[in-house]
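# Fold and geometry: a report
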Amino acid sequence: MNPPFNKPLLDIHELKVVYLTARGPVKAVDGVSLSIRPGEIVGLAGESGSGKSTIAHAILRVLHPPALITGGQAFFNDRDILEMSEQELEHFRWKNISIVFQSAMNALNPVMRVRDQLLDIMLQHGFTKAAANERAVQLFNLVGIEPKRLDAYPHQLSGGMRQRAVIAIALALDPPLMILDEPTTALDVVVQKDILQQIAVLREKLGFSILFITHDLSLLVEFSMSIAIMYAGEIVERAMARELFDNPLHPYTVGLMNSFPSISGKLQKLSGIPGSPPDLLSPPTGCRFHPRCPKVMPVCAQLAPVEQLISKDHQVACHLYGGRS
Amino acid sequence: MTGIANQNQDILEVRGMTKYFQIGPFFKTKLVHAVEDASFTVKQGQVLALVGESGSGKTTTIRLIARLIPVTRGDIYFESVDILNAEPGRASLVYRNKVQLIFQDPFSSLNAVHTIEHHLSRPLILHKKVTNRWELHERVCTLLERVDLNPAEDIASRYPHQLSGGQRQRVAIARSLAVEPKLILADEPISMLDVSIRMGILNLIEKLKTEQGISFVYITHDLASARYIGDQIIVMYAGHMVEGGDSEVILSQAVHPYTRLLLSAVPDPGAGLATQKNLGARGEVPSLIDPPPGCPFVARCPLVQTDCRRSMPERSEISPGHWVRCHHYADKE
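Thresholds applied
Residues numbered from 1 in each chain as written. Chains lettered and ligands numbered in written order. Predicted model: local features only at pLDDT ≥ 70, side-chain atom pairs only at ≥ 80, totals over all residues. Helix = DSSP H or I, 4+ residues; strand = E, 2+ residues; numbered from the N terminus. Rg over C-alpha atoms; globule rule 2.2 N^0.38 Å. Buried ≥ 20, exposed ≤ 12 C-beta atoms within 10 Å, placed from the backbone. Contact = placed C-beta atoms within 7 Å. Axes fitted to C-alpha atoms, helices over the stretch in contact; angles between N-to-C directions. Parallel < 35°, antiparallel > 145°, perpendicular 65-115°, else oblique. Left-handed = near helix turned anticlockwise from the far one by under 90°. Nonpolar A, V, L, I, M, F, W, Y, C, P; charged D, E, K, R; others polar. Core = buried A, V, L, I, M, F, W, Y, C linked by C-beta atoms within 7 Å.

### A closer look at the overall build of chain A
A tally of helices and strands in chain A yields ten helices and twelve strands. On C-alpha atoms alone, chain A measures out to a radius of gyration of 20 Å, which is about the 20 Å that the 2.2 N^0.38 rule sets for 325 residues. Viewed in the frame of its principal axes, chain A has a C-alpha envelope of about 65 × 50 × 40 Å. For chain A, buried positions account for 46% of its 325 residues. Pairs at least 24 apart in sequence give 64% of the contacts found in chain A among residues at least 6 apart.

Next up, the structure:
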């Protein structure tokens, strides 16, 4: 297991992504900075529409118009991904960063055998056919599917097996960073647990980093080392997983924690968060959370808070903790 | 038979309800055993949570109760009336007046080209709950206020696309409330919603239960939310109801290996993922097409014994109200 110190593997700096819509530009990601060190599992949590998947797609440069990256840098081993040409990207993608999407059924081509889809990526990156076939068997063993299922079509596999096959494809080139974009949301809890355990084991064995994107905070606390909470295109709080769970500071994080009933302990009334996530066409002024915030102050509607370092590795963007623009 | 309803009176009783779906070509039809021998009761003013993975037969169960699809075998007693014999064929307006459904997806359960007012007016007119149009409008606004949608006048004139997911689900609940039902069947009402607004919907269900004595059958795959609003929990696996009882009992003293597997799979931030031992059960949910006799969980069960492959065990009672269908506990009877 690689220790999660030293220089960041991926360093996202002030990333901005805008969706151009008929009603005006939507700032889906507005100045997000995030870094992932080798061997680290970073969790990114937020509701739908908070911009977490957009970040993943921006890093891989798979965003297409009407989405536009309007600013920022994303350094991967000192090279800015956002500056790369299409040719460079072809070599870069999958070899360095791979992604597992939420719906394996949509990620796999229904009319191709799983084997061909696995080989496709390897042949593209210079494997010989024999070597690629050998690797395919190895990968299926790694993710816990019998290699004889390589010749199955996606519809012949169960949901969990399909997702494992997608993970095998993501591992094909042994990338140092894997992005998991809600990898288990469409699966049942038992399968979800199984697959995440498998990924955790693989990560210990192979030492890759993980950017884990989900809306399920309790899953994140269990699975990742550090967590960043996103709201309406901005990161509002970040900390080590345990610290965030034991000591959430931002009212949104507290509200999120309050949205998951527990299966153990005393049953207590949970309130969730009143209101709905904002329309990003015209986001609220100042702090974007202020219309829903139970601790709103006059300053919140006027000034956007900046991230403050509260303690080691714990940052929060909230006026309650003295953030001034 | 619709006497004065008080607490602890059974409003719905299901006995041996079974549903097979036919599939395949005419001479080679196969049967999908979607729900097998389901028996349970729902008490007045209580929430029964049906928990299970996708494909376990939860949705089929409530569609049978709502009488959207015909029952293959078994009886449904609603307010002590044998409803399948009293009303063969289609369910009567009276029955539909008392039993209502809420669907999982509030984005597709409302019609995009009609206003909210139209959606709420339909049941009121159909079930003759109002006599004139001023009363109608007033009732629509009252309904919206009952589900905490304010200002009601403004919401009523909007179209579904102008509302958020949580608001739409509240409209769907208001629509089911329009006919003053006794029982509401809620099919995963929060799973499509943003996490921060889910609790609001669950608390609304809780409020309707305690303040108006409406009973609910709440379907979910999430044991935590089942515990949160369920008075009773029944766990389903591959069409069978395998364990049931008071929700706190199920959460703390579950005995069926499948229930325990489910419980161990729920993320619990209190304990780390890597530190936890393996679940002890692998494999997949069996096919429901012409299944072999015996317990459906045999392929994954760590406690499997020879009886398990021969027959599905009967219910055995572990403690009052807590039952399980597992051969391992059959001898404790």
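Here the narrative resumes, following the displayed structure.
### Remarks on the packing of helix α4 (residues 116-126) of chain B against helix α5 (residues 133-146) of chain B
Residue and element names in this part refer to chain B. At a minimum axis distance of 10 Å, the contact between α4 and α5 shows a crossing angle of 110°. One finds that α4 runs roughly perpendicular with respect to α5. Both α4 and α5 take part in a crossing whose hand is right-handed. For the pair α4 and α5, the contacting residues are Glu-117, Leu-120, Ser-121 and Leu-124 in the first and Leu-136, Arg-139, Val-140 and Leu-143 in the second. For the contact of α4 with α5, the class distribution of residues is five nonpolar, one polar and two charged.

### Thoughts on the nonpolar core
Proteins that are soluble and globular tend to have nonpolar side chains buried together. Ala-168, Leu-211, Phe-212 and Ile-229 of chain A together with Val-217 of chain B are the most contacted members of the largest nonpolar core, which has 181 residues in total. Ignoring sequence-local partners within four residues, the contact set of Val-217 of chain B consists of Val-42, Leu-48, Leu-50, Ile-62, Ile-65, Leu-185 and Ala-186 of chain B.

### Some points on the interface of chain A and chain B
In this assembly, 35 residues from chain A lie in contact with 33 residues from chain B. Among the elements of the structure, α7 (189-206), α8 (217-223) and α10 (251-257) of chain A are those that each provide at least two residues to the side of chain A that touches chain B. For the side of chain A that touches chain B, the leading source of residues is α7 of chain A, giving seven residues. Taken together, the residues that form the side of chain A that touches chain B break down as 16 nonpolar, 14 polar and five charged.

### Remarks on the environment of Leu-220 of chain A
All names here are of chain A. Turning to its location among the elements, Leu-220 is positioned in helix α8. Its 26 C-beta neighbours within 10 Å are what place Leu-220 among the buried residues. Sequence separation of Leu-220 and Ala-130 is 90 residues, and the distance between their C-alpha atoms is 39 Å. When neighbours within four sequence positions are excluded, Leu-220 is seen to be in contact with Gly-43, Ala-45, Phe-212, Thr-214, Ile-227 and Ala-241.

### A closer look at unusual backbone geometry
Here the residue pair Pro-65 of chain A and Pro-66 of chain A is connected by a cis peptide bond, since its omega of 15° sits within 30 degrees of zero. Omega for the peptide link from Asn-150 of chain B to Pro-151 of chain B comes to -10°, which places this bond in the cis form. A positive phi angle is found at Asn-77 of chain A, which is not glycine, with a value near 50°. A count of 12 C-beta atoms within 10 Å places Asn-77 of chain A in the exposed class.

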